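For reference, the chains in residue letters:
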Amino acid sequence: MNKTAKNENLRNIAIIAHVDHGKTTLVDAMFSQSGLFREGQEVNERLMDSMDLERERGITIAAKNCSVNWKGVRINIIDTPGHADFGGEVERALSMADGALLLVDASEGPLPQTRFVLKKTLDAGLKIIVVINKIDRKDARTEEILDEIYDLFIDLDADESQLDFPYLFAVGRDGIAQKSLEEKSENLDPLLDRIIEVIPAPSYDPEEPFQMLVSDLGYSDYLGRLAIGKISNGQTKSNDKLVCINENGEHIPLRISKLQNHQGMILKEVKLAEPGDIIVLSGIENVTIGDTICTKDSPKPLERITVDEPTVSMKFTTNISPFSGKEGKIVQSSKIRERLIKETLRNVAIQVEETESRDIFLVKGRGEFQMAILIETMRREGFELCVGRPEVIFKTENGKKLEPMEHLFIDCSEEFQGIVTEKLSTRKGKMINLVNHGTGRVRIEFSIPSRSLIGFRDEFLTDTKGTGIMNSYFSGYEAYRGDLKTRFTGSIVSDRQGSAVAYALFNLEPRGRIFIVPGDLVYEGMVFGEHNRDTDINANPCKEKKLSNMRASGRDENVILSPIKPMTLEQAINFIRDDEMVEVTPKSIRLRKTVLSAQKRYSLRPSKSKKTG
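Residues numbered from 1 in each chain as written. Predicted model: local features only at pLDDT ≥ 70, side-chain atom pairs only at ≥ 80, totals over all residues. Heavy atoms only, no water.

## Concerning the nonpolar core
In step 1: Ranked by size, the top nonpolar core spans 35 residues in total, and within it Leu102, Leu118, Val130, Ile132, Ile149 and Phe153 carry the most contacts.
In step 2: Among the elements that take part in this core, helix H5 (residues 142-155) stands out by supplying five residues, more than any other.
In step 3: Sequence-distant contacts of Leu118, that is, excluding residues within four places in its chain, are made with Ile16, Leu102, Ile128, Leu152, Phe153 and Leu156. (Core = buried A, V, L, I, M, F, W, Y, C linked by side-chain atoms within 4.5 Å. Buried < 20%, exposed > 50% of the residue type's maximum accessible area, 1.4 Å probe, protein only. Helix = DSSP H or I, 4+ residues; strand = E, 2+ residues; numbered from the N terminus. Contact = heavy atoms within 4.5 Å.)

## Overview of the environment of Ile199
In step 1: Mapping Ile199 onto the fold places it in the loop between helix H7 (189-198) and strand S9 (203-204).
In step 2: According to the relative accessible area criterion, Ile199 is buried, its value standing at 2%.
In step 3: Spatially, the C-alpha atom of Ile199 lies 7.9 Å from that of Ala100, the residues being 99 residues apart in sequence.
In step 4: With sequence-adjacent residues up to four places away left out, Ile199 is seen in contact with Arg11, Asn12, Ile13, Asp98, Gly99, Ala100, Lys127, Ile129 and Arg194.

## A look at a negative patch on the surface
In step 1: Residues Glu143, Asp147, Asp151 and Glu182 make up a contiguous surface patch of negative charge.
In step 2: As for its placement among the helices and strands, Asp147 is situated in helix H5. (Patch = residues over 30% accessible without salt bridge, like charges linked within 9 Å, V, L, I, M, F, W, Y side chains within 5 Å. Areas by Shrake-Rupley, 256 points an atom, 1.4 Å probe, with all protein chains shown as cover. Salt bridge = Lys/Arg side-chain N within 4 Å of Asp/Glu carboxyl O. Lys, Arg positive; Asp, Glu negative; His and termini not counted. Charge placed at Lys NZ, Arg CZ, Asp CG, Glu CD.)

## Details of the packing of helix H10 (residues 417-426) against helix H11 (residues 456-463)
In step 1: Put simply, H10 and H11 touch, their axes get as near as 10 Å, and they point 155° apart. One element, H10, and the other, H11, form an angle in the roughly antiparallel class. The hand of the H10/H11 crossing is right-handed. Of the residues in H11, those in contact with Ile419, Val420, Lys423 and Leu424 of H10 are Phe456, Glu459, Phe460 and Asp463. (Axes fitted to C-alpha atoms, helices over the stretch in contact; angles between N-to-C directions. Parallel < 35°, antiparallel > 145°, perpendicular 65-115°, else oblique. Left-handed = near helix turned anticlockwise from the far one by under 90°.)

## As for H11
In step 1: Looking at H11, one finds that the buried residues are Phe456, Phe460 and Asp463. End-on, the buried residues of H11 take up no more than an arc of 65°, which puts them together on one face.
In step 2: Check the buried side of H11 and you find it contacts strand S26 (400-413), H10 and strand S29 (469-479).
In step 3: Lys465 sits one or two positions beyond H11 and adopts a positive phi of about 55°. (Arc of directions from axis to C-beta.)

## Comments concerning H5
In step 1: Look at H5: 20 Å from first C-alpha to last across 14 residues, which is about the 20 Å you get at 1.5 Å a residue.
In step 2: What H5 keeps buried is the set Thr142, Ile145, Leu146, Ile149, Leu152 and Phe153. Here the buried residues of H5 occupy an arc of 120° about the axis, which is enough to place them on one side. Exposed and facing more than 90 degrees away from the buried side of H5 are Glu143, Asp151 and Ile154.
In step 3: Positive backbone phi, at 60°, marks Asp157, one or two positions downstream of H5. (Expected span 1.5 Å × (residues − 1).)

## A word on the pattern of salt bridges
In step 1: A complete count under the given rule lists 34 salt bridges for this structure.
In step 2: Between Glu381 and Arg339 there is a salt bridge, with the nearest N and O atoms lying 2.6 Å from each other. Here Glu381, found in the loop between helix H9 (368-380) and strand S23 (385-387), pairs with Arg339, found in helix H8 (residues 333-346); they are 42 residues apart in sequence, far enough to count as distant.
In step 3: A salt bridge links Glu403 to Arg451, with the nearest nitrogen and oxygen atoms 2.4 Å apart. In this pair, Glu403 is assigned in strand S26 and Arg451 in the loop between strand S28 (441-449) and H11, connecting sequence segments 48 residues apart. A single burial state applies to Glu403 and to Arg451, both of which are buried.
In step 4: Where salt bridges share partners, they join Asp536, Arg577, Asp579, Glu580 and Lys593 into one cluster.

## Observations concerning the packing of aromatic side chains
In step 1: Applying the stated criterion across every chain yields a total of seven aromatic pairs.
In step 2: Ring centres of Tyr167 and Phe169 lie 5.8 Å apart, and the angle between their planes is 75°; on these two criteria the pair is classed as edge-to-face.
In step 3: Assessed through its relative accessible area of 31%, Tyr167 is described here as partly exposed.
In step 4: Arranged with centres 5.1 Å apart and planes meeting at 90°, the rings of Phe323 and Tyr523 form a pair that is edge-to-face. Of this pair, Phe323 sits in the loop between strand S20 (312-318) and H8 while Tyr523 is found in the loop between strand S33 (521-522) and strand S34 (526-531), placing the two residues 200 residues apart along the sequence. Residue Phe323 shares its accessibility class with Tyr523, and that shared class is buried.
In step 5: By the ring-pair criterion, three or more aromatic residues cluster together here, those being Tyr150, Phe153 and Phe165. (Phe/Tyr/Trp six-rings, centres within 6.5 Å; stacked < 30°, edge-to-face > 60°.)

If you want it as structure tokens, here you go:
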């Protein structure tokens, strides 16, 4: 295809960075300075974080589009997630871009997720502008960071043109960008000017008819399914008769009922869309990410988006506990299935498989964090469900069992180096690098199986007293490294249904850590504590003190229980064993045994464990 013409009125850029390096804050400043808001208008912080979960966690989960106008050029901005678990979002966001802004923290430097998103960008052959952000930090080491970025580009096999990247320094929060550390600036003009100079305008073939690759999907209660993507060639307008070419090569006819593009944060209807523009089409129902929309007269499919395969699977099932249906509005398996299928249409990195049971679904994705976000989103929508422990997806090649591996980066104080190294070596981790800058902190790199990291983050934070930083990215499949035990404690399981009593919980405290408080409802088979030993025990959390005619006044009346820390969804998913599940409702997170009856669990145990000494 001969792409000779360019649309100089447009620039399409993706903003890529590690989690919390300031992407969304920088976009806010670009909005403010491009004249998007009128003077005195009240504006929320972190405008692009439109999901409640994104605002709460301070991270970007879904890739989103917006635009700013600068000197007569419209700059379409795609804000991408910085977490490897949301890699599917990054890949399809890059399919709409012609260049990228790489944001790096002036103190932390390039971190694992920086490597992950940069690798995807270099593979896509996009022009990159590097922005070293937060140069006002007291611990900023700006010049060292620039050297580290060059090293990272070389390490990722960047070609000569990619290595010759332009760079700027910024304080995104204050809306300042400057060409050098000495040259002071009061606004983002140098950055916006550099985007127009360096990022190429979208190119197209003037002789080709309309073609668009669907990179994202949306939904409107008024317009139905929305297809979002960049126009590769040609023009289109409302009511045009087009076809959608799906994965199987079938041609589905469609008519555009509404044509929109991003102007600032909002979608506005347009009469005509030009080549290179990112547009939103409505009027098509059966569309999936990767499809091509083109003219009916000369249909030509574009290359589909490919994403990395999933590495983790989890079982999702209906809530079958005695408390089912009491806290959530949506409990039916058909509704859960419908919601999961809807997620696969919007998120290319998630796959759903049916199982032998109509109530159990196998959901595959990039990591347990991505799964936790999906479960938390469903929970907020009113769903009740049970989920199993995350399991890695193994492969077999030439008769050998292979498993997914992670390249793990640990940043911690020197005093914790020993305990962290010891814990990771018991989890089959191999140290591959250790750097000590003499600052009191060390950076250690490990090659470790993905399954070893499930549930390790909480343990790591406890071991490093909350000061350690841990990041990883998927490095490929390697030979299976053998069996490993990740949890050395058992569970304290309720042997009956009822309401927890302070007296009973006080007497159970010496046995381990308790998860519930007096008054909490329990049922047989519900896990309400962590046993000190590696065996499970059945206990009665509802047992009350026996009353006698001669009760000592004031003695044993007030039992003082140790305070408990409510378990988050991620902690619950990481804590459970293979024979346990997490019951998730809009109001509660409970742990339970897959088999609730104590008698049935006893009969299913291996015979040797039933022998009494």
